[in-house]
Amino acid sequence: GNGQAAALPKAGTKRKRATSQRKSRIAWLERDDDDKSPRVPEWLHARLRLAAKATHARLGDKLCPIGVDSTGRWTPRYEPLQYAEYGPGAHYASWHTDAELNSDDPEDARAVTVVLLLSDTSAFTGGRFQVRSKGVRAHEVKLRAGDAIGFPSQRLEHRVTKCASGLRQTLVCWATRPSGLQ
């Protein structure tokens, strides 16, 4: 594509959020051959899966609860990738996790989040990615185009500060716990 926002299909979120909490454009990118949805190149999805696996290996099943199948293999499921754009004034100001602990909501089966920055940092101002754990002091994570950060979906609070100018673009990958695994 030409990289212009107008080419994006309209997309919604599972949970409606007030614009005071989040203001951005998103689209869901599929891996299958469905001609109705934008596709993710297999090489890119494979790299994001490796990043999710490395995050799980580093942090363990206690922080990233995916479990194993009956043969002891790590076999997560993957949601469609989320493409997000943050233009001038856009943000995800609310501190949030990508999943809630002890919930039966399908979205809350997320165990590992991988955020990949697509935009060069010279392409936007503001739009900083910040993290905190248990409400403790925020830390900015400095990413460059092509950098990714993996973290526990249910445990690490994060947000994106208001973008002052330009266009901040990301892909988000979620590895989820398959139902029925230990």
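Rules behind the numbers
Residues numbered from 1 in each chain as written. Predicted model: local features only at pLDDT ≥ 70, side-chain atom pairs only at ≥ 80, totals over all residues. Heavy atoms only, no water. Helix = DSSP H or I, 4+ residues; strand = E, 2+ residues; numbered from the N terminus. Buried < 20%, exposed > 50% of the residue type's maximum accessible area, 1.4 Å probe, protein only. Contact = heavy atoms within 4.5 Å. Areas by Shrake-Rupley, 256 points an atom, 1.4 Å probe, with all protein chains shown as cover. Pairing = 2+ DSSP bridges. Core = buried A, V, L, I, M, F, W, Y, C linked by side-chain atoms within 4.5 Å. pLDDT = per-residue confidence, 0-100. Salt bridge = Lys/Arg side-chain N within 4 Å of Asp/Glu carboxyl O.

## Considering the overall build of the protein
Looking only at helices and strands, one finds one helix and 13 strands in the protein. Across the protein, helices and strands are ordered from the amino to the carboxyl terminus as β-β-α-β-β-β-β-β-β-β-β-β-β-β. Within the protein, the fraction of its 182 residues that count as buried is 42%. Considering only contacts within the protein whose residues lie at least 6 apart along the sequence, 80% involve residues at least 24 apart. Of the roughly 10300 Å² of accessible surface on the protein, 50% is carried by carbon and sulfur atoms.

## Quick look at the pairing of strand β11 (residues 156-160)
Counting buried positions along β11 yields four of five residues, so the element is predominantly enclosed. Across five bridges, strand β8 (residues 129-133) lies against β11 in antiparallel orientation. Bridge pairing links R132 to E157 in β11.

## Examining unusual backbone geometry
A positive phi angle is found at N102, which is not glycine, with a value near 55°. When you line up the elements, N102 lands in the loop between β5 (91-96) and β6 (110-117).

## Concerning the nonpolar core
Y86, V115, F129, V141, I149 and F151 are the most contacted members of the largest nonpolar core, which has 19 residues in total. Among the secondary structure elements, those contributing two or more residues to this core are β4 (81-86), β6, β8, β10 (148-152), β11 and β13 (168-176). If sequence neighbours within four positions are ignored, F151 has contacts with T55, L59, D98, A111, V112, T113, V115, F129, L156 and H158. Formed by 17 residues, the second largest nonpolar core is a distinct cluster that contains L48, A52, Y83 and L171.

## Points about the confidence of the model for the protein
With 85% of its residues at a pLDDT of at least 70, the protein reaches an overall mean of 85. Highest mean pLDDT in the protein belongs to strand β12 (residues 163-166) (98); lowest belongs to strand β1 (residues 22-23) (89). Long-range and interchain partners of residues 1-16, a stretch whose pLDDT sits below 50, account for 23 contacts in this model, where long-range means more than four residues apart.

## Some thoughts on the pattern of salt bridges
Throughout the structure, instances matching the rule amount to eight salt bridges. For the salt bridge of R49 with E42, the shortest nitrogen-to-oxygen distance reads 3.0 Å. Where D69 meets R73, a salt bridge forms, and the shortest distance between an N and an O atom there is 3.1 Å.

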